Amino acid sequence: MQAHIPSETSRRVVILGTGGTIAGRASQASDNVGYTAAQLGVDQLVAAIPALAGQALEAEQVAQLDSKDMDFAAWQRLAQRLAEHLARPEVAGVVVTHGTDTLEETAYFLQQVLAPFKPVVLTAAMRPATALQTDGPQNLLDAVALAREPGARGVLTVFAGAIHGAEQVRKVHSYKVEAFASAEGGQLGVVEEGRVRCFGAWPQGQALGLASIVRPAAEWPRVMLLWNHVGADGALVRALLDHPTQRPHGLVVAGTGNGTLATDLEAALREAQASGVRVLRSTRCDAGPVMDLPGALPSAGALSPVKARIRLLLDLLAEM
Ligand code: ASP
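Residues numbered from 1 in each chain as written. Predicted model: local features only at pLDDT ≥ 70, side-chain atom pairs only at ≥ 80, totals over all residues. Heavy atoms only, no water.

Lining the immediate surroundings of the ligand are Gly 20, Thr 21, Tyr 35, Asp 66, Ser 67, Gly 99, Thr 100, Asp 101 and Ala 125. In this structure, Asp 66 approaches the ligand through a side-chain N or O atom, which is 2.7 Å from a nitrogen atom. One of the backbone nitrogen or oxygen atoms of Ala 125 is found 3.1 Å away from an oxygen atom of the ligand. Coverage of the ligand by the protein chains reaches 93% of its 260 Å² of free accessible surface. Grouping the amino acids of the shell around the ligand by side-chain chemistry returns two nonpolar, five polar and two charged. (Near = heavy atom within 4 Å. Polar contact = N/O pair within 3.5 Å; in protein donor to acceptor, adjacent residues only side chain to side chain. Areas by Shrake-Rupley, 256 points an atom, 1.4 Å probe, with all protein chains shown as cover. Nonpolar A, V, L, I, M, F, W, Y, C, P; charged D, E, K, R; others polar.)

Looking now at the pattern of salt bridges. For the coordinates displayed, the defined rule picks out 14 salt bridges. A salt bridge links Arg 238 to Asp 264; the nearest nitrogen and oxygen atoms lie 3.1 Å apart. With Arg 238 in helix α5 (residues 235-242) and Asp 264 in helix α6 (residues 263-274), this pair connects stretches of sequence that are 26 residues apart. Close ionic contact of Asp 315 with Arg 311 constitutes a salt bridge, the shortest N to O distance being 2.9 Å. Linking Asp 315 with Arg 311, this pair stays in helix α7 (residues 305-319), spanning four residues, or about one helical turn. When salt bridges that share partners are traced, they join Arg 12, Glu 58, Arg 88 and Glu 90 into one network. (Salt bridge = Lys/Arg side-chain N within 4 Å of Asp/Glu carboxyl O. Helix = DSSP H or I, 4+ residues; strand = E, 2+ residues; numbered from the N terminus.)

Below, the discussion takes up the pairing of strand β13 (residues 278-283). Most of β13 is tucked away: five of the six residues are buried. Bridging between strand β12 (residues 250-255) and β13 involves six bridges; their strand directions are parallel. Of the residues in β13, the one forming a bridge with Gly 255 is Thr 283. The parallel pair β12 and β13 is bridged by α6, and the resulting crossover is right-handed. (Buried < 20%, exposed > 50% of the residue type's maximum accessible area, 1.4 Å probe, protein only. Pairing = 2+ DSSP bridges. Right-handed = clockwise from strand over helix to strand, strands pointing away.)

What follows is about the UniProt feature "binding site: substrate" (unreviewed entry) in the protein chain. Under the feature "binding site: substrate" (unreviewed entry), the UniProt entry names Ser 67, Thr 100 and Asp 101. Taken along the chain, the residues just named run across 35 residues; in space they keep tight, none of their C-alpha pairs more than 7.0 Å apart. Relative to the helices and strands, Ser 67 resides in the loop between β2 (57-65) and α2 (72-86). Among the residues examined, Ser 67 registers a relative accessible area of 2% and is labelled buried. Excluding residues that lie within four positions of it along the chain, Ser 67 makes contacts with His 98, Gly 99, Thr 100, Asp 101 and Thr 102. With respect to the helices and strands, Thr 100 occurs in the loop between β3 (91-97) and α3 (103-114). When neighbours within four sequence positions are excluded, Thr 100 is seen to be in contact with Ser 67, Ala 124, Ala 125, Met 126, Phe 159, Lys 171 and Phe 180. (UniProt positions renumbered as here; feature names shortened; annotations may be inferred. Contact = heavy atoms within 4.5 Å.)

A word on the domain arrangement of the protein chain. The assigned domain composition of the protein chain is domain 1 (8-198) and domain 2 (221-319). For domain 1 versus domain 2, the separation of C-alpha centres amounts to 30 Å. Summing both sides of the interface, domain 1 and domain 2 together bury roughly 1200 Å²; the carbon and sulfur share of this comes to 61%. Joining domain 1 to domain 2, the criterion identifies zero salt bridges. Inspection of the domain 1/domain 2 interface yields five residue pairs in polar contact (both at pLDDT 80 or more). Put simply, the parts of the chain that give the side of domain 1 that touches domain 2 at least two residues each are α2, α3 and β7 (169-171). When residues in the side of domain 1 that touches domain 2 are grouped by element, the largest group, six residues, is from α3. (Domains from an automatic or database assignment. Buried area = accessible area lost by both parts, 1.4 Å probe.)

Here the structure, examined in full by the defined rule, presents five aromatic pairs. Pairing Trp 75 with Phe 109 gives two aromatic rings, centres 4.3 Å apart and planes at 15°, and the pair type is stacked. With Trp 75 in helix α2 and Phe 109 in helix α3, the pair connects residues that are 34 residues apart, well separated along the chain. Taking the centre distance of 6.2 Å and the plane angle of 40° together, the rings of Phe 109 and Trp 220 count as tilted. Note that Phe 109 is positioned in helix α3 and Trp 220 in the loop between β10 (195-198) and β11 (223-227), a separation of 111 residues in sequence. You can call Phe 109 buried: its relative accessible area is 0%. Members of the aromatic cluster, each reached through a chain of ring pairs, are Phe 72, Trp 75, Phe 109 and Trp 220. (Phe/Tyr/Trp six-rings, centres within 6.5 Å; stacked < 30°, edge-to-face > 60°.)

Next up on the list: the nonpolar core. Nonpolar side chains in soluble globular proteins generally cluster together in the buried interior. One finds Leu 16, Leu 82, Phe 109, Leu 110, Leu 122, Ile 213 and Trp 220 to be the most contacted residues of the largest nonpolar core, which totals 50 residues. Counting residues per element, the ones that place at least two in this core are β1 (12-19), β2, α2, β3, α3, β4 (119-123), β5 (154-159) and α7. Ranked by residues supplied to this core, first place goes to α2 with eight residues. Split by domain, the residues of this core number at least three in each of domain 1 (8-198) and domain 2 (221-319). Apart from residues lying up to four places away in sequence, Leu 122 is in contact with Val 96, His 98, Leu 103, Thr 106, Ala 107, Leu 110, Val 155, Leu 156, Thr 157 and Val 158. (Core = buried A, V, L, I, M, F, W, Y, C linked by side-chain atoms within 4.5 Å.)

Okay, structure coming up:
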């Protein structure tokens, strides 16, 4: 993919809306959980922040959904629109408003496909736009500041003032406003009063490119996720292998500890592998890699199970 490096004068920020709680509405301001996500348009989110008035901004609605329902077609559209906006010389960076539930998956997917030379900043909210103390406007303001930060690059997340990279970021709390963290001290920086403080290096990587995801979404490989746990066995894997229409192309297993698996689950996964299904072993631990051992099922390295699933999905797409 061509390198689109922002010039000194690039100040324009494009904000792509995809829905989520940041665009959610509840019937009462005191209700932080009984709301409907994806109700307000991205232009309304921008208009609600006086500090953004008069800035060089564009808003575009790419999707309008609760991110629990994010799908491959929306990912394709989003990647396409991002690539187009990132190629514009006057654009410093792009912000994506998203739901918190699958934000880390979208971030990882976009980093693999685009590995942009400009910042693509995903942000979200844990409280709907109607809440007494909604966190969305500050997160969006911080995201715009980060999208304009000279030298910033890659797919980033800004949430509650903390900047995370796409590979490390995880949603770690189901309710608290500080809902995201990076494993193993991987937080990249902070945004404070509109100023960005970066602790280390911005992410770099090789983009797979849009050509890697052009296949119609309905034809994308079926990669499923399983867990090891007390009493786990191979019944689910064998049922999938026998399924007449939903047989998977790939299986990611969130093993225990260093990717360990109950004996019968491992046996079933080896049967799957022998029958042509690609298998990757991750860990259900919150951090740390799965060490590759001779003879063991392939490791997903330090990727979380959901990101290992995307890695395998992209690998399988490349092989189709
Ligand atoms: N279910 C919502 C979503 O992911 C949650 C959120 O945005 O916080 O879209």
